[in-house]
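# Examination of the molecular architecture
Each chain is listed here by its residues.
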Amino acid sequence: MRSLPPRLLAATLLATLMAASLHASAAAADYERVLNGTFESGSADPWWSGAGVTNRVTGGELCAAVTGGTTNPWDALIGQNGVPFETGQSYTFSFDARATTAQPVTAAAGESVSPYRGIASQQFAVSPEKQRFSFTFTSTLDFPDAGNGQVAFQLGGQPSDNTICVDNVSLVGGVKPPGGVNPNPAKKVQVDLVAYVPGLPKRATLVSSATTAQTWTLKNSAGVAVTSGQSTPKGADATSGDSTHVIDFSSFDTPGTGYTLSVGEDTSFPFDISADPVKRLRYDSLAFFYHQRSGTPIEAQYVGDEYARPAAHLNVAPNQGDNNVPCRADLACGYTLDVRGGWYDAGDHGKYVVNGGIATWQLLNAYERASRLGDATAYRDGSMNIPEKANGVPDLLDEARWEVDFLLKMQAPDGMAHHKVHDANWTALPTRPELDDQPRRLSATSTAATLNLAAVAAQASRLWKSIDATYSSTLLAAARKAYAAAKANPAKLADPNDGTGGGAYSDDTVTDEFYWAASELYATTGDAAYRTDVTGSSHYKAASLNRGGFHWGGTAPLGDITLALAPNGLPAADVSAIRSAFASVADQHLTAMAGMGYAAPYDNSTAGYVWGSNSTVLNNAQVLALAFDFTGTAKYRDGVFEALHYVLGRNPLSTSYVAGYGDQAMVNAHHRFWAHQNDPTLPIAPPGSLSGGPNSALQDPVAQRLLTGCPQQKCWVDDIGAYSVNEVAINWNSALAWVSGWAAEKSGTPTTPKSDCEVNFSAGRWNDGLSAQVKITNTGTAAWTSWKLGFALPGTQRVTSGWSATWSQTGRDVTATSMSWNGEVKPGRTVQIGFNGSGSGSDPTVFTVNGKTCKTV
């Protein structure tokens, strides 16, 4: 919502006013054009305030505190952008208004960007007594939904400070019903707008009602065709509303930039074939957390001048500070807490333990998983551009500690943790953090928050044990105290009505948090009491892992992941069962994805696409990634990259949901500082920020006006006011950081778990064919009595015959099983097999023997 700038001269509106009829006949339908005109939600969104004005919803009214001493009426503004107008149609603008001190107020309609053309305006005398005002005019301009139309109130030109309150704001008129379309242009050929990694599958979606295969052409940056092929019709795709085909161009593997796919006259956005973008995304997605830090200056040397800002919520005026925060008045807890630091949760200035918990856990788990199964050097000291980059501690742990320390501060004297801290009332868009003048308040302690603290502190203690033993001990003590407090208060649930000034984050089931916290404490300590709680839980052995995934309110799978990764004393069969559950659920995802027009690991069968759907896609991608880690089966790795392709543009909106990535990427995140749309002096969302994504429930006024009737995957718009689809949040970016970090690791020379096998693959090739020799070596210490080799063939390659093994192929996945005479392979010995095949493509890169990933030579 770009605010109307002061340079819009009064003459502009006055001239327009003379040209516009204020009493045109009303032949229009009663279509309401203004959003949230009654302020019943308690929020001001999507109303913005200009310089020197602070919006606040109080008693069901929008009250604007205006700084006096301005010269012109338009020097102080409140308004709403994206308002639709139709040329030649009649509109009635009406509202209630009152002012602490009587003054003139001008109501205006016009254009929100240069050349700032006006449609109509009228001045009214507003007094301390609430009055109803109204005027009618005919529009001389035409603006679509989410276009550059605007209504505003001019409140300036007064010598002293004043407060003006408005309510029941309405703009009725026009003949076109508002909404129903997404203003972002979509392509017919949908690709990952960023890049495809060499050596991995490369698929796109064609929107076409044709029932026969269509010819596609891949062109390089010079527009020269480099390969072509035929699409595979898939038919109607209910989730997107599109009729689709799949284009598979995996056989082309030449790195480069600016490739496009064309079918007839339709051409995709450009993309690269390169591993470099996903490796950048690993760090850009993590940079999000430094941007979101509270209680410290965000310095230009780390983020650039555009995103730098002063420290906030340190009790420096106008902030009231996080250094001495009381409980909500109705709680009377009798103490205050110093809760400085931590990350702002989303686009507001709240800090929430249950959301901070899963976000911090995910960053710490990315490091722990890389340490045990991958390459943790990617997160070494100096790898990230943060103030701690030269302190000898891995940078990913440094960033996570910023929130871990905040979680510790939220612990009450009795060991319980306060659910959240945030403003007493919602702040308006935009509000820079250091200019937030709202009082800060602690909400009540809750069992869920306490178990989040216990889980993350225990996890962090494990990771810091060899880095800082004293800090590790402090963390473990806090975790033990929190867990004991939660067991003593097992049903202290967060109030679902505590949603003023911050989200409620209520959760009426906490058995999953108990399982998660017990799992972390057991993995860290080995204590029998924690083991009993783990094995006695109804969630044990991944009982709650399903296609719905995990999230801040459903955390049991986080415990499963830790038990599957961290050494512990559980029976080997139980750990194996947990790992097998990840492969089983991953298989369910892949089966469903195979039938989708836009492949994404997402189960929309019950609730449709929900608030934060992109984080669900990525959390499910984490399940696929772990299935690959546990089995080495290539199809799971490929599923992870399909999820990234969806988030980065292979979706029905031709949009990358990650800011700064792709030619049509999210820009206008719902955020009070990254608010360029309503204040051109403020920045857009920084690169690596993830939009929440489609939400078919349409839970904000902007989405409701623009997207009514949208198919599930198209229920999204890049608008700062559309908070239910375009918000950002730490637990969404933590999912992106985990998955992009894993994908970056798998985009170079694969780093695999310790193995007891080695594979050498060589192939002779000719047009549409190959003959391959495969040498398998037992590099372990125990003899194999039988063996099963697994790998995936890139491109269109198919096994047509083979020798010295029983060969089979499903899709791209190939297996070769030992014969009766060559199943026994002693340590250090080798068996040689081979096959002939058809089709084209590069060599496979990942091999497994008996489920374990092998070294390739």
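Residues numbered from 1 in each chain as written. Predicted model: local features only at pLDDT ≥ 70, side-chain atom pairs only at ≥ 80, totals over all residues. Heavy atoms only, no water.

### A short note on the overall build of the protein
Looking only at helices and strands, the protein has 16 helices and 37 strands in total. Taken over C-alpha atoms, the radius of gyration comes to 29 Å for the protein, in line with the 29 Å a tight globule of 857 residues would show. If one aligns the C-alpha atoms of the protein with their principal axes, the spans along those axes are about 100 × 70 × 45 Å. Buried residues in the protein amount to 59% of all 857 residues. Look at the contacts in the protein between residues 6 or more apart in sequence, and 74% of them connect residues 24 or more apart. For the protein, the exposed surface amounts to about 30000 Å²; the carbon and sulfur share of it is 50%. Averaging the coordinates of the 60 positive side-chain charges in the protein and doing the same for the 76 negative ones gives two points 7 Å apart. (Helix = DSSP H or I, 4+ residues; strand = E, 2+ residues; numbered from the N terminus. Rg over C-alpha atoms; globule rule 2.2 N^0.38 Å. Buried < 20%, exposed > 50% of the residue type's maximum accessible area, 1.4 Å probe, protein only. Contact = heavy atoms within 4.5 Å. Areas by Shrake-Rupley, 256 points an atom, 1.4 Å probe, with all protein chains shown as cover. Lys, Arg positive; Asp, Glu negative; His and termini not counted. Charge placed at Lys NZ, Arg CZ, Asp CG, Glu CD.)

### Side note on the pattern of salt bridges
All told, the structure shown has 37 salt bridges when counted by the stated rule. In this structure, the salt-bridge partner of Asp 248 is Arg 203, at a minimum N-O distance of 3.4 Å. With Asp 248 in strand β17 (residues 242-248) and Arg 203 in strand β13 (residues 203-207), the pair connects residues that are 45 residues apart, well separated along the chain. Note on Arg 203: relative accessible area 19%, which makes it buried. Measuring nitrogen to oxygen at the nearest pair gives 3.0 Å for the salt bridge that ties Glu 368 to Arg 462. In this pair, Glu 368 is assigned in helix α4 (residues 353-373) and Arg 462 in helix α6 (residues 447-464), connecting sequence segments 94 residues apart. In terms of burial, Glu 368 and Arg 462 fall into one category: buried. Shared partners join several salt bridges into a network, and the residues in it are Glu 61, Arg 98, Lys 130 and Asp 167. (Salt bridge = Lys/Arg side-chain N within 4 Å of Asp/Glu carboxyl O.)

### Some remarks on the state of the cysteines
Working definition: the covalent bond between the sulfur atoms of two cysteines is a disulfide. All chains considered together, the criterion is met by four disulfides. A sulfur-sulfur separation of 2.1 Å characterises the disulfide bridge that pairs Cys 327 with Cys 333. Between Cys 327 and Cys 333, the S-S dihedral sits near 100°, and the bridge is therefore right-handed. Taking the relative accessible area as the measure of exposure, Cys 327 reaches 8% and is therefore buried. Residue Cys 333 is classed as partly exposed on the basis of its relative accessible area of 26%. (Disulfide = S-S within 2.5 Å.)

### Here we look at the nonpolar core
Grouped together as the largest cluster of nonpolar side chains are 163 residues, with contacts concentrated most on Leu 364 and Tyr 483. Element by element, the count of residues in this core is highest for α6, at 12 residues. Those residues in contact with Tyr 483 that lie beyond four places of it in its chain are Leu 451, Ala 454, Phe 514, Ala 517, Ala 518, Leu 521, Tyr 530 and Asp 533. Among the nonpolar cores identified, the runner-up in size contains 37 residues, and Val 57, Val 105, Ala 109 and Phe 153 belong to it. (Core = buried A, V, L, I, M, F, W, Y, C linked by side-chain atoms within 4.5 Å.)

### Focus on the packing of aromatic side chains
Evaluated as defined, the whole model comprises 42 aromatic pairs. Taken together, a centroid distance of 5.7 Å and an interplanar angle of 45° make the contact between Phe 93 and Phe 153 tilted. Of this pair, Phe 93 sits in strand β5 (residues 90-99) while Phe 153 sits in strand β9 (residues 149-154), and the two are 60 residues apart along the sequence. You can call Phe 93 buried: its relative accessible area is 0%. A relative accessible area of 1% places Phe 153 in the buried class. Ring pairing ties together the aromatic residues Phe 39, Trp 47, Phe 85, Tyr 91, Phe 93, Phe 95, Phe 124, Phe 133, Phe 135, Phe 137 and Phe 153, which thus form one cluster. Lying across the ring of Trp 402, Arg 293 places its NZ or CZ 4.6 Å from the centre. Lying over the aromatic face of Tyr 471, Arg 401 brings its terminal NZ or CZ to 3.5 Å of the ring centre. (Phe/Tyr/Trp six-rings, centres within 6.5 Å; stacked < 30°, edge-to-face > 60°. Lys NZ or Arg CZ within 6 Å of the ring centre and 35° of its normal.)

### Some remarks on helix α11 (residues 572-594)
End to end, α11 covers 33 Å across 23 residues, agreeing with the expected 33 Å (1.5 Å per residue, within 8%). By the burial criterion, the buried members of α11 are Asp 574, Val 575, Ile 578, Ala 581, Phe 582, Ala 583, Val 585, Ala 586, His 589, Leu 590 and Met 593. Looking at the packing, one finds that the buried side of α11 touches α10 (556-565), α12 (613-631) and α13 (634-647). (Expected span 1.5 Å × (residues − 1).)

### Remarks on helix α7 (residues 469-488)
Taking 1.5 Å of rise per residue, 20 residues should cover 28 Å, and α7 covers 29 Å from first to last C-alpha, within 8% of that figure. The inward-facing, buried residues of α7 contact α5 (395-409), α6, α8 (511-525) and α9 (528-535).

### Observations concerning the packing of α6 against α8
Remark: α6 packs on α8, axes separated minimally by 8 Å, with the N-to-C direction vectors making an angle of 20°. Classified by the interaxial angle, the pair formed by α6 and α8 is roughly parallel. At the point where α6 passes α8, the crossing takes the left-handed sense. For the pair formed by α6 and α8, the contact residues are Thr 447, Ala 448, Leu 451, Asn 452, Ala 454, Ala 455, Val 456, Ala 458, Gln 459, Ser 461 and Arg 462 on the first element and Glu 513, Phe 514, Trp 516, Ala 517, Glu 520, Leu 521, Ala 523 and Thr 524 on the second. A class-by-class count of the residues in the contact of α6 with α8 yields 11 nonpolar, five polar and three charged. (Axes fitted to C-alpha atoms, helices over the stretch in contact; angles between N-to-C directions. Parallel < 35°, antiparallel > 145°, perpendicular 65-115°, else oblique. Left-handed = near helix turned anticlockwise from the far one by under 90°. Nonpolar A, V, L, I, M, F, W, Y, C, P; charged D, E, K, R; others polar.)

### Here we look at the sheet that holds strand β8 (residues 131-138)
In space, the five strands of this open sheet follow the order β2-β3-β10-β5-β8, with antiparallel pairing throughout. Edge positions in the sheet fall to β2 (53-58) and β8, since each of these pairs with one other strand and no more. The average undirected angle you get between the axes of adjacent strands in this sheet is 30°. Where β2 meets strand β3 (residues 61-66), six bridges bridge the pair, whose relative direction is antiparallel. Of the residues in β3, the one forming a bridge with Thr 54 is Ala 65. (Pairing = 2+ DSSP bridges.)

### Comments concerning the side chain of Thr 562
Along the chain, Thr 562 turns up in helix α10. Relative accessible area serves as the criterion here: at 1%, Thr 562 is assigned to the buried category. Once residues lying within four places of it in the same chain are set aside, the contact partners of Thr 562 are Trp 361, Arg 462, Ser 519, Glu 520 and Ala 523.

### Side note on the confidence of the model for the protein
Within the protein, residue pLDDT values average 92, and 95% of them lie at 70 or more. Across residues 1-28 the pLDDT falls below 50, and counting only partners more than four positions away or on other chains, this stretch makes 77 contacts in the model. Between residues 749-753, whose pLDDT stays under 50, and residues either more than four places distant or in other chains, the model counts 13 contacts. (pLDDT = per-residue confidence, 0-100.)

### With respect to the sheet that holds strand β37 (residues 855-856)
Across the sheet, which stays open at both edges, the five strands sit in the order β31-β34-β29-β28-β37 with mixed pairing between neighbours. In the strand order of this sheet, the two ends are held by β31 (798-803) and β37, each with one partner. As paired strands, β31 and strand β34 (residues 830-838) are joined by five bridges and run antiparallel to one another. Opposite Gly 802, over in β34, you have Phe 835 as the bridge partner.

### Structural notes on the pairing of strand β4 (residues 77-81)
In terms of burial, β4 is a largely internal element, five of the five residues being buried. Both faces of β4 are covered, namely the face carrying Leu 77, Gly 79 and Asn 81 and the face carrying Ile 78 and Gln 80. For strand β1 (residues 48-49) and β4, the ladder comprises two bridges, and the chain directions are antiparallel. What sits directly across from Trp 48, in β4, is Gly 79. Bridge count between β4 and β9: five bridges; the pairing is antiparallel. Note on β9: the bridge partner recorded for Gln 80 is Val 151.

### A few points about unusual backbone geometry
Cis geometry marks the peptide bond from Ala 317 to Pro 318, where omega comes out at 5°. Checked against the element boundaries, Pro 318 lands in the loop between α3 (300-303) and β21 (325-326). Pro 430 follows Leu 429 through a cis peptide bond whose omega is -10°. Relative to the helices and strands, Pro 430 is located in the loop between β25 (420-423) and β26 (440-442). A positive phi angle, near 60°, is found at His 313, a position not held by glycine. Relative to the helices and strands, His 313 is located in the loop between α3 and β21.

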